Amino acid sequence: MYGTYQQQDRLTEDEILQRMLERRHNFAKLDNNRGYQHTFRKKSRWELVRLSLLIVGIECTYATETALVAPILLGIGLPHTVMTMIWATPSMAGLLFAPVIASVSDRLRSRWGRRRPVMLALGITTLTGMLILPNGPAVGELLGLTSVGWLATITTFGLIMSDFSAETSNGLCRTYAMEVCTIRDQARVLSIMVLTGGIGATMGALFGAIDWNRLGIGHYLGGNDASVFAANWIVLFVGLLVTLTSFAEIPLAVQETEPMLRPVTQKMLLEEVKREHGMSEAVEQDDVPEVVGFKQFLLNVLHMPRSMKVLCLTQLLSHMSYLTYCLYYTDFVGATVYEGDVRALKGSQAAERYADGVRFACLGMALCSTTSSIYSVFIERLIVRFGARSVYVGGLLAHCFGMIMMGLAPYKLVVFSCCALTGVMYATIYSIPFLLISHYHSKNCFVEVNGEYVESIERRGFGVDVSMMSSMLCLAQLIVSLAIGAVIDSVGSTIIITFISSAFMLCAACSAMAILYMGL
């Protein structure tokens, strides 16, 4: 990927990397009580899975929310326009606070590390929100607030807590995983995160496809929706616990005072390769972790290099397409494919058809998640074989084609099978963009001039850039929430979402052609 410098009398790049890691591993073992030596060794697949289990809970939460929040809000009595505006509230919170939280995390000097304390706080908030979200009417009755306005407010409060915290945790979990892995393990852990995330999303979708009332569980937990969220709550709690206890972070203060406990970056490796091969007389460089203050954080956001701008634009358009699909897919299937009515009297045929449609849509979303998991296993090999550009653009166009087919032929088999193409796209947008950011930061290069990559002199926080990428989801959700509901109400049919989603993804594919891939 970066060149191996293989000559008869020279060490390969991998051999030089292994030597650098062994020196740091042996140094860290001098104090086993701190447990930092794991940072400098290759991790097993099970260890990478442990790092990824929080993603299982987060993706399960996403699937549950996307499947049930729209029916919950519409069931309260809200029109599509108001319902979608409520979806915008966690997006606004994410745009305002997610990058700030990431910046605070970059500078956190806790003995427990920089990422895990923040992930713990966000995890507790998510779990609390998931208890409130499906139980808005019960909470309102307990407080004596039973009007539609108050029920919508209570439900919105739970949605903000769960959705905003889950999305912010998503980026931080990826940052934490890449920081405790060697540079050769970073691509592996991202691929496994997509795989395990697909499993989590499949679980969330399947939870929604179960008729919990018929099983008798719903009567004890407060209804079908509350039962789905309860099952999701357990998955998220277990994932949070396992990931937070997987590996100790090396605190920022320790990295600043002990150079041998600083993780090996791609920049350090290339400097050592040059020194080893006589191309530089410099000694091995140890990158001091950048502590990006709030002022520098704002400069990072306002003065992004072109490569980051194009990457963020592509991710924004991709999420706008995906959210147009996933936020309205269950309503689309229930209302258009099954010809049901969410506002029909409970127990009527129209209401039953809508409920059957929502459960069938959950099966489609489960297929999407399963396909995403399977595809993620092969995506790294596909990048090596065809290059990141071809894999990225191809994954986006797969979803574009699937959405067109759904709109032209809104039948059960079509709307179900096309979800598999969306799964290919989902695995793509949650792996390649983060891999590219890691690629940029490891080489400290964001610009290409005359075919050569120029090293950056600007300080950029890795956590901030990952968070900005995650914030594109919040911005996309804000745009989609404020606009698409009014479009649906004006057209009078949810079938329009398929064509809108396809148009957004076609624009994203065009933008992906202009991304700086740096040989990836």
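Throughout what follows, the structure given in this document is the object of discussion. (Residues numbered from 1 in each chain as written. Predicted model: local features only at pLDDT ≥ 70, side-chain atom pairs only at ≥ 80, totals over all residues. Heavy atoms only, no water.)

**Some remarks on the packing of helix 3 (residues 80–107) against helix 6 (residues 148–179)**
And then number 1: Where helix 3 contacts helix 6, the two axes come as close as 9 Å, and the packing angle between them is 35°. For the crossing formed where helix 3 meets helix 6, the hand is right-handed. Together, I86, W87, T89, P90, A93, G94, F97, A98, I101 and S105 of helix 3 and A152, T156, L159, I160, D163, F164, T168 and L172 of helix 6 make up the contact between the two elements. (Axes fitted to C-alpha atoms, helices over the stretch in contact; angles between N-to-C directions. Helix = DSSP H or I, 4+ residues; strand = E, 2+ residues; numbered from the N terminus. Left-handed = near helix turned anticlockwise from the far one by under 90°. Contact = heavy atoms within 4.5 Å.)

**A few points about the packing of aromatic side chains**
And then number 1: Considering all chains together, one arrives at nine aromatic pairs under this definition.
And then number 2: Between F360 and F416 the ring centres are 5.9 Å apart and the planes differ by 45°, which places this aromatic pair in the tilted class. With F360 in helix 16 (residues 349–386) and F416 in helix 18 (residues 412–417), this residue pair connects regions lying 56 residues apart in the sequence.
And then number 3: Take F416: its relative accessible area is 27%, and that puts it in the partly exposed class.
And then number 4: With a centroid separation of 4.8 Å and an interplanar angle of 40°, the aromatic rings of Y426 and Y430 are classed as tilted. In terms of burial, Y426 and Y430 fall into one category: buried.
And then number 5: Counting every residue linked through ring pairs, the aromatic cluster contains Y322, Y325, Y329, Y426, Y430 and F434.
And then number 6: The aromatic ring of F434 is capped on one face by R174, whose charged end is 5.1 Å from the ring centroid.
And then number 7: When the ring centre of F386 is taken as reference, the NZ or CZ atom of R385 above it lies at 4.9 Å. (Phe/Tyr/Trp six-rings, centres within 6.5 Å; stacked < 30°, edge-to-face > 60°. Buried < 20%, exposed > 50% of the residue type's maximum accessible area, 1.4 Å probe, protein only. Lys NZ or Arg CZ within 6 Å of the ring centre and 35° of its normal.)

**Observations regarding the side chain of N232**
And then number 1: Examined against the element boundaries, N232 turns out to sit in helix 10 (residues 224–244).
And then number 2: Take N232: its relative accessible area is 0%, and that puts it in the buried class.
And then number 3: Those residues within four positions of N232 in sequence are excluded, and the remaining contacts are G57, C60, T61, T64, M130 and F207.

**Let's talk about the environment of V384**
And then number 1: Note that V384 resides in helix 16.
And then number 2: Classification of V384 as exposed rests on a relative accessible area of 67%.
And then number 3: Separated by 136 residues in sequence, V384 and L520 place their C-alpha atoms 7.9 Å apart.

**Quick look at the nonpolar core**
And then number 1: Membership of the largest hydrophobic core comes to 135 residues, with the highest contact counts inside it found for L51, Y325, Y329, L396, Y440 and I515.
And then number 2: No other element matches the 16 residues that helix 2 (residues 45–76) contributes to this core.
And then number 3: Core analysis: the next-biggest nonpolar cluster, separate from the first, contains 15 residues, Y36, V254, L261 and M268 among them. (Core = buried A, V, L, I, M, F, W, Y, C linked by side-chain atoms within 4.5 Å.)

**Here's the deal with helix 20 (residues 432–443)**
And then number 1: In this model, helix 20 (12 residues) spans 16 Å end to end at C-alpha, consistent with the 16 Å of a helix rising 1.5 Å per residue.
And then number 2: The element helix 20 is extensively covered by neighbouring structure, given that 12 of its 12 residues are classed as buried.
And then number 3: Taken residue by residue, helix 20 has I432, P433, F434, L435, L436, I437, S438, H439, Y440, H441, S442 and K443 as its buried positions.
And then number 4: Just beyond helix 20, the residue with positive phi is N444, at close to 55°. (Expected span 1.5 Å × (residues − 1).)

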